[in-house]
Each structure stands twice: as C-alpha cells, then as structure tokens.
There are 2 protein chains.
Amino acid sequence: MREFVLYSNKGRTGPDFTLKDLPGSGGRMDLVARCVISALWLSRKMRKDSRIYISLNGPPNPTLALRFDGGELERVAPDERNVAIWIKKVLKRGDMESREWRGVHDGVSLSSMGFKDIIGEMRKKQIYLLHEGGKDVRDVELSDNPVFVLGDHMGLPENEKEFLERRETKKISLGPESYFSSQSITLVHNELDRR
Amino acid sequence: MREFVLYSNKGRTGPDFTLKDLPGSGGRMDLVARCVISALWLSRKMRKDSRIYISLNGPPNPTLALRFDGGELERVAPDERNVAIWIKKVLKRGDMESREWRGVHDGVSLSSMGFKDIIGEMRKKQIYLLHEGGKDVRDVELSDNPVFVLGDHMGLPENEKEFLERRETKKISLGPESYFSSQSITLVHNELDRR
C-alpha cells in the first residue's frame, strides 16, 4: 500500500463552497482535487494499492479529514469538478463529530481527526516528508507500505513540522525545482513504479 | 525552450461547451487544461522557457490549434476551470480561419493549423513521441530545445503516428505504467530539470 497525507491549510470543512470558485471559496479545493487524481488514477485504470488522506483545516468546522481509497472508489471521475462534487457530498452527508472513519461513499470516508491524529494512526510505518531540502528520492531506499506527507501551496505549519521530526520522519526531495503538490505525488508514484 | 504538442481527438473547436461538463461537452477539455497546467506551472513560478500546443480535432470547426506560452501568460490561474474559461474566450474572440498564429490573450494564440502543420513548423528540432514502447527517458540523451508529442486518452491516430515516423521521431517511455497525459508532462519536465 502507498499512502499520501496532504495538509490543506484553508481547505473548507463544510459543503458551503461553490464549484465555480474552488480556489477561493473552497480554500484551494482545486489543489486538493488534483492531488486526489494524481494519487489514485493511471491511464485506463485506478491505483488500487493507493490511498490519500486530506487534512482539512479551513473554516467552518476544523479539523476534518477525508480519505480516498483507490481500491474502493466508484463512480468518481478524474477531473477537478467531479472530485469536488464528491467532496461536497461527503461534507454534507457525513458525521462531522465522529473521530472514527465513516464511509460516506464507496471509497470515500470522513473523520474529525486532525493531521497529528492521522499520522498517529500510521504506527510502525515509515513516514517520508516531501521537502525541498530532503535527500533525492532517487537515492533513497523506500520502505514497504510507505507514507508520504506533503503540504499545500502554503506548506506545513511549524507545529506540524516539529511533530513529524519527533516521529523520525525522513525528508525526501524530488529534484531541483519546487513542484505543485499534485505534481509531487506523480513523481513519487513514478519512482515507486520503477522499483 | 521546451515544447509540448498534445493531440486532442475530441477537443471542442468552438466556445459552445459548458464549464460544468468539460469532459463531455468540451471533448475532454479537462484533460487539455490539466496538460496546460503541468506544462507551464511550478510551485510559486511559471516555466517561462516552456510552451504547449494543443491540436483540437473535435467539432464544430476542426482543425484548430492553441498555443500557450509560459513566458508570456498573464492572469490565467492554474486550475481546470480557469484555464478552460480562457480557452472559451480565445475560441470566441479568435480568427478561426487564419493559419497564422494570432495572439488572442497574453500568452495564448490561435491558428487553424492541424497537427501535421504544427509539427511541420518544428524544423530541425528533435521530436520525441511519448510512447509506452519507447526507450526509457532516463537513458535517453535529450537534445536542446526538445519537442515532446503526446496523445490524449485515445492516443494518436494511426495516420499521425505514421507521419511522425517519417519525421525521424524518437520514442521515449516514462516507466512501466501508462500515465495520464498531464502526468507524463510532469515526468518529462522533472527529468529535464535534473540535467
């Protein structure tokens, strides 16, 4: 299993955003949707061994967490608007008070967990933080069942970074440039595909 | 300069598609928009040395070609809907009869050229076709000012493939999986960034 955890600083924690303005009203829900697409789709098939967690920290109900499972996802199409439609549905129908993961739609679950809770559940798994100052991914031995953590356009807050450092997280970089979160997920997948 | 040429089999050649259904009414204009984003954006900056051509072959006015220049693009935001809004504007305002490239908006140009005409203008430049059966990009020496050609979800038509073969096109692959067009562009950029 390959797992990704995206920290979304402003991602809306309610269904009251408009599909006409995912970047503004959704708190960069466009970015979130592109990350879901990069994490779970290949041409002509799904990545059934992949999962992505989204830690949403925007208003009005922080914190919330979404989980998309490539092996279970049904009827979701890989374009920004369609993924965002499903996120709206899940935020409308789901139980926002429950810390337990609750499936709201095939392959999409909701929990009130915050970022640290999500990481806390990754017991024994090796965490890799995507970071421009990290070691080149091409030179890193990657564990089985790796977990890759990444921030959105604003990056991870200091507090969450420190939390990861105490957790023996390894920092990896993807090249000399700074990539979009969704592009970074594509680059990590490709490196793993080749091993 | 890095150049990409996307062949879009069904991409709408008129502004009469709806932003609510880019995959259907736009003939996979969602895919086109994601390719533009992958080709021209990095986190926090544009790829000013990059350009992408889109060969649109859907109804009602085939053929049409769009050109997006990373070094000149202004006011376009990197999300599917916003890129599609600009494509609609260009298809509404542009001269669809002219073979000459006409700038319609800063960094976005329109021409009535078809795929072969676009490639025909790439004189002396080495063309690389992204193809699952090609040589691994990591083992290929890439020329200066390379041109990368790729199909959409339907791939390149046979006729266009044969045309490229007569042009001494080199086939390159990106790994053991078959990636989305937009993911492929990200992988090519990363390989070039590292050289």
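Everything that follows concerns the structure shown earlier in this document.
Residue positions are counted from 1 within each chain, in the order its sequence is given. Throughout, the order in which chains and ligands are written sets their labels, letters from A for the former and numbers from 1 for the latter. This being a predicted model, a pLDDT of at least 70 is required before a residue's local features are given, and a value of 80 or more before pairs of side-chain atoms are given or counted; all residues contribute to the totals for chains, interfaces and linings. No hydrogens and no water enter the side-chain calculation; it runs on all heavy atoms of the structure.

Along its length, chain A carries five helices and ten strands. Taken against the 2.2 N^0.38 rule, which gives 16 Å for 195 residues, the C-alpha radius of gyration of chain A at 16 Å falls within 12% of a compact globule. Along the first, second and third principal axes, the C-alpha set of chain A runs to 45 × 40 × 30 Å. Burial here depends on accessible area, computed with a 1.4 Å probe over protein chains only, as a share of the maximum for the residue type. Under 20% is buried, over 50% is exposed, and the range in between is partly exposed. Across the 195 residues of chain A, 61% fall into the buried class. Should any heavy atoms of two residues lie within 4.5 Å, those residues are considered in contact. Within chain A, residue pairs in contact and separated by at least 24 positions form 68% of the contacts whose partners lie at least 6 positions apart. Accessibility throughout is a Shrake-Rupley quantity obtained with a 1.4 Å probe, and a residue counts as covered only by protein chains that appear here. As displayed, chain A offers around 8,100 Å² of accessible surface, 43% of which is attributable to carbon and sulfur atoms. Each charge class in chain A can be summarised by its mean position, and for the 33 positive and 30 negative side chains these summaries are 3 Å apart. Secondary structure is summarised from DSSP: a helix means a run of H or I of at least four residues, a strand means a run of E of at least two, and numbering begins at the N terminus for each. Only C-alpha atoms enter the radius of gyration, while the globule expectation follows 2.2 Å times N to the 0.38, with N the number of residues. Within this scheme the basic residues Lys and Arg register as positive and the acidic residues Asp and Glu register as negative, but His and the chain ends are omitted. Note on charges: their place is set at NZ of Lys, CZ of Arg, CG of Asp or CD of Glu.

Residues and elements named next belong to chain A. We treat two strands as partners when DSSP finds at least two bridges between them. Across the sheet, eight strands lie side by side as 6-7-5-4-1-9-8-10; this open sheet has mixed pairing. Edge positions in the sheet fall to strand 6 (102-105) and strand 10 (170-173), since each of these pairs with one other strand and no more. Each adjacent strand pair in this sheet contributes to an overall mean axis angle of 35°, direction not counted. By the bridge criterion, five bridges tie strand 8 (residues 127-136) to strand 10 in an arrangement that is parallel. The partner of Lys-135 across the bridge, within strand 10, is Ile-172. Lying over the sheet, helix 2 (residues 80-93) contacts strand 4 (50-56), strand 5 (64-69), strand 6 and strand 7 (108-111), oriented at roughly 130° with respect to strand 5. Axis definition: a line fit to C-alpha positions, over the contact stretch in the case of helices; interaxial angles, taken between N-to-C directions, run 0 to 180 degrees. Relative to the sheet, helix 5 (residues 181-193) contacts strand 1 (2-8), strand 4, strand 8 and strand 9 (147-151), its axis offset from that of strand 1 by approximately 165°.

Now for the interface of chain A and chain B. With 36 residues of chain A at the interface, the matching set in chain B holds 36 residues. Carbon and sulfur atoms supply 47% of the area buried between chain A and chain B, which totals about 3,200 Å² over both sides. The working definition used for a salt bridge is a side-chain nitrogen of Lys or Arg within 4 Å of a carboxyl oxygen of Asp or Glu. Connecting chain A to chain B are eight salt bridges. Residue Arg-44 of chain B is joined to Glu-132 of chain A by a salt bridge in which the shortest nitrogen-to-oxygen separation is 3.1 Å. Between N or O atoms, a polar contact is any pair within 3.5 Å; within protein, one atom must be a potential hydrogen donor and the other a potential acceptor, and residues adjacent in sequence are included only when both atoms are from side chains. On the surface where chain A and chain B come into contact, there are 27 residue pairs in polar contact (both at pLDDT 80 or more). The set of elements that each furnish at least two residues to the side of chain A that touches chain B consists of helix 1 (29-40), strand 2 (41-42), helix 2, strand 8 and helix 5 of chain A. No other element matches the six residues that helix 5 of chain A contributes to the side of chain A that touches chain B. Residues that form the side of chain A that touches chain B fall into these classes: twelve nonpolar, eight polar and 16 charged. Reported buried area values correspond to the accessible surface (1.4 Å probe) lost by two parts on association, with both partners' losses combined. Any residue that is not Ala, Val, Leu, Ile, Met, Phe, Trp, Tyr, Cys, Pro, Asp, Glu, Lys or Arg is counted as polar, Gly included; the first ten are nonpolar and the last four charged.

Next up on the list: a positive patch on the surface. A residue counts toward a patch only above 30% relative accessible area and without a salt bridge, and it is joined to like-charged neighbours within 9 Å or, for Val, Leu, Ile, Met, Phe, Trp and Tyr, to nonpolar neighbours within 5 Å. Taken together, Arg-75, Lys-89, Lys-92 and Arg-93 of chain B make up a surface patch of like positive charges. The topology assignment puts Arg-75 of chain B in the loop between strand 5 (64-69) and helix 2 (80-93).

Here three bridges tie strand 8 of chain A to strand 9 of chain A, and the two strands are oriented parallel to one another. Bridge assignment links Tyr-128 of chain A to a residue of strand 9 of chain A, and that residue is Phe-148 of chain A.

Bringing the relation of the copies chain A and chain B into the picture now. For these two chains of identical sequence, chain A goes onto chain B by a turn of 180° and a shift of 0.0 Å along the axis, with RMSD 0.0 Å. Given the turn and translation reported, the copies of this chain are related as if by a two-fold rotation axis. In this assembly the copies share their binding face: 100% of the residues contributing to the interface of chain A also contribute to that of chain B. We place the copies in one frame by least squares, fitting the C-alpha atoms of every residue whose pLDDT is at least 70 in both.

We now examine the environment of Lys-124 of chain B. Mapping Lys-124 of chain B onto the fold places it in the loop between helix 3 (115-120) and strand 8 (127-136). In this structure the C-alpha to C-alpha distance between Lys-124 of chain B and Asn-145 of chain B, which are 21 residues apart in sequence, comes to 10.0 Å.

Our focus in this paragraph is the packing of helix 1 (residues 29-40) of chain B against helix 2 of chain B. Residues and elements named next belong to chain B. One can describe the packing of helix 1 onto helix 2 by two numbers: an axis separation of 9 Å at closest approach and a directional angle of 105°. Taken together, the axes of helix 1 and helix 2 lie roughly perpendicular to each other. For the pair formed by helix 1 and helix 2, the contact residues are Met-29, Asp-30, Val-32, Ala-33, Arg-34, Val-36 and Ile-37 on the first element and Glu-80, Val-83 and Ile-87 on the second. Residue composition of the contact of helix 1 with helix 2, by class: seven nonpolar, no polar and three charged. Each angle gets one of four labels, with under 35 degrees taken as roughly parallel, over 145 as roughly antiparallel, 65 to 115 as roughly perpendicular, and the rest as oblique.

Take unusual backbone geometry next. Residues and elements named next belong to chain A. Looking along the chain, the bond that leaves Pro-59 and enters Pro-60 is cis, with omega of 5°. As for its placement among the helices and strands, Pro-60 is situated in the loop between strand 4 and strand 5. Phi at Asn-145 takes a positive value of approximately 50°, unusual for a residue other than glycine. Considering the arrangement of structural elements, one finds Asn-145 in the loop between strand 8 and strand 9.

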